[in-house]
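# Residue-level structure breakdown
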Amino acid sequence: MDEATGPSMQDGPSMQDWPPIPDEVGAFLSRLRVIEDQPLESRSAAFLQIHDRLQATLEGAVREGARTGSSLTGPVVGDASPRQG
């Protein structure tokens, strides 16, 4: 890696090697970008809202998994690992 310019294309997979981003993930990333452009006080409150929503979603998934007997060890939607093949 060239310290002055950052990673080169040879340092890892190109963007074409990554899976497409689901709409929900794209919307989440877009919201994060908007939040990051806000003043610190606003960012703090917005990140807290995101935290609370993610926590509620995860807790709901855990409760649903316990109710149905399924586990949370399956594939992750929007997994950012590069495609093999």
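The following refers to the structure shown. As the structure is a prediction and not an experimental result, all values here were calculated from the model.

Our focus in this paragraph is helix α2 (residues 40–68). Between its terminal C-alpha atoms α2 stretches 42 Å, which fits the 42 Å expected from 29 residues at 1.5 Å a residue. Looking at α2, one finds that the buried residues are A46, I50 and G65. Contact partners of the buried residues in α2: α1 (23–36). Positive backbone phi, approximately 85 degrees, marks G69, located one or two places after α2.

The subject of this paragraph is a nonpolar patch on the surface. On the surface, I21, F28, L29 and L54 cluster together into a nonpolar patch covering about 330 Å² of accessible area. With respect to the element layout, L54 can be found in helix α2. Its relative accessible area of 44% is what places L54 among the partly exposed residues.

Here is what the cut-offs are and how they apply
- Residues numbered from 1 in each chain as written.
- Predicted model: local features only at pLDDT ≥ 70, side-chain atom pairs only at ≥ 80, totals over all residues.
- Heavy atoms only, no water.
- Helix = DSSP H or I, 4+ residues; strand = E, 2+ residues; numbered from the N terminus.
- Expected span 1.5 Å × (residues − 1).
- Buried < 20%, exposed > 50% of the residue type's maximum accessible area, 1.4 Å probe, protein only.
- Contact = heavy atoms within 4.5 Å.
- Patch = residues over 30% accessible without salt bridge, like charges linked within 9 Å, V, L, I, M, F, W, Y side chains within 5 Å.
- Areas by Shrake-Rupley, 256 points an atom, 1.4 Å probe, with all protein chains shown as cover.
- Salt bridge = Lys/Arg side-chain N within 4 Å of Asp/Glu carboxyl O.

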